[in-house]
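Notes for the structure review
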Amino acid sequence: MSSASKQVVAIGIFDGVHRGHQKILARAREVGNTHSLPVIALTFHPHPTAVLAPDKQPSLLLNIHSRVELLEKHGANGVEVLTFSKEFSSMSPQAFIEDILIDLLNAAYVVVGENFSFGSRASGSINDIKKYFEAESVSLLSDEHGVISSTRIRKSVAEGKMELDR
């Protein structure tokens, strides 16, 4: 997906592409429109937990093809899917920024959710990214039932509460 032009990069696992994820994509789209830049959604497959703690692996709400389709439907001009592996998980935050955000994606601006962390042992934060780019974290979206998250939606589905997170 390497490109000569700068891009706005929205980063997340984005399982479910739920309303919270859509808020991140909408903010990335706003930034992209303001600066006439395309929006790239950066996601990971398989789910990091499947690699780092397979016994705790969540059931996925979407397969990777549906996830890509929905990310594009909700504002991404393109999607970069990185393979999440043990080797990838050991990458330092600086290496992730340099190898992925700079070299691969040519990021100009980065948008993440407020609970986003990255790099070896999840040691990187939005503050590390801000050393290189304009970047922002989007606050988590809540409703009367609490924070909207893929975990909450999985729980609702398992309990047969299909209407809760529509």
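Residues numbered from 1 in each chain as written. Predicted model: local features only at pLDDT ≥ 70, side-chain atom pairs only at ≥ 80, totals over all residues. Heavy atoms only, no water.

This part takes up the overall build of the chain. The secondary structure content of the chain amounts to 7 helices and 7 strands. Counting all 166 residues of the chain, 45% fall into the buried class. Long-range contacts, defined here as pairs at least 24 residues apart, represent 74% of the contacts in the chain between residues at least 6 apart. Here the chain displays about 8,700 Å² of accessible surface, and carbon together with sulfur accounts for 50% of that area. (Helix = DSSP H or I, 4+ residues; strand = E, 2+ residues; numbered from the N terminus. Buried < 20%, exposed > 50% of the residue type's maximum accessible area, 1.4 Å probe, protein only. Contact = heavy atoms within 4.5 Å. Areas by Shrake-Rupley, 256 points an atom, 1.4 Å probe, with all protein chains shown as cover.)

Taken as a whole and assessed by the stated rule, the structure comprises 7 aromatic pairs. A centroid spacing of 6.5 Å and a plane angle of 85 degrees characterise the contact between phenylalanine 44 and phenylalanine 84, whose relative ring orientation is edge-to-face. Of this pair, phenylalanine 44 sits in strand β2 (residues 39–45) while phenylalanine 84 sits in the loop between β3 (78–83) and α4 (86–89), and the two are 40 residues apart along the sequence. Using a relative accessible area of 11% as the deciding quantity, one classes phenylalanine 84 as buried. Ring geometry for phenylalanine 44 and phenylalanine 88: centres 5.9 Å apart, planes at 45 degrees, overall tilted. Of this pair, phenylalanine 44 sits in strand β2 while phenylalanine 88 sits in helix α4, and the two are 44 residues apart along the sequence. (Phe/Tyr/Trp six-rings, centres within 6.5 Å; stacked < 30°, edge-to-face > 60°.)

Summed over all chains, the structure comprises 3 salt bridges. Close ionic contact of lysine 131 with aspartate 128 constitutes a salt bridge, the shortest N to O distance being 3.6 Å. When its relative accessible area of 66% is taken as the criterion, lysine 131 is described as exposed. (Salt bridge = Lys/Arg side-chain N within 4 Å of Asp/Glu carboxyl O.)

This part covers helix α3 (residues 64–73). Among the residues of α3, Ile64, Arg67 and Leu71 are the ones counted as buried. All buried residues of α3 fall inside an arc of 55 degrees around its axis, so they share one side. Those residues of α3 that are exposed and angled more than 90 degrees off the buried face are His65, Glu69 and Lys73. Those residues of α3 hidden inside the fold are in contact with α1 (19–35), β2 and β3. The N-terminus of α3 is capped by asparagine 63, whose side-chain oxygen sits 3.0 Å from the backbone nitrogen of histidine 65. (Arc of directions from axis to C-beta. Polar contact = N/O pair within 3.5 Å; in protein donor to acceptor, adjacent residues only side chain to side chain.)

Within the largest apolar cluster, 24 residues are counted, with the highest numbers of intra-cluster contacts made by Ile11, Leu42, Phe96, Leu101, Val110 and Ile129. Breaking this core down by element, the ones donating at least two residues are β1 (7–11), β2, α5 (93–104), β4 (107–113) and α6 (126–130). In terms of residue count, α5 provides more of this core than any other element does, 4 residues in total. Those residues within four positions of isoleucine 129 in sequence are excluded, and the remaining contacts are Ile97, Leu101, Val110, Phe116, Phe118 and Ala135. (Core = buried A, V, L, I, M, F, W, Y, C linked by side-chain atoms within 4.5 Å.)

Moving on to the sheet that holds β2. Spatially, the 5 strands line up as an open sheet ordered β3-β2-β1-β4-β5, and their pairing is parallel. The sheet is open, and its two edges are formed by β3 and β5 (134–138), each paired on a single side. When strand polarity is set aside, the average angle formed by the axes of neighbouring strands in this sheet is 25 degrees. (Pairing = 2+ DSSP bridges. Axes fitted to C-alpha atoms, helices over the stretch in contact; angles between N-to-C directions.)

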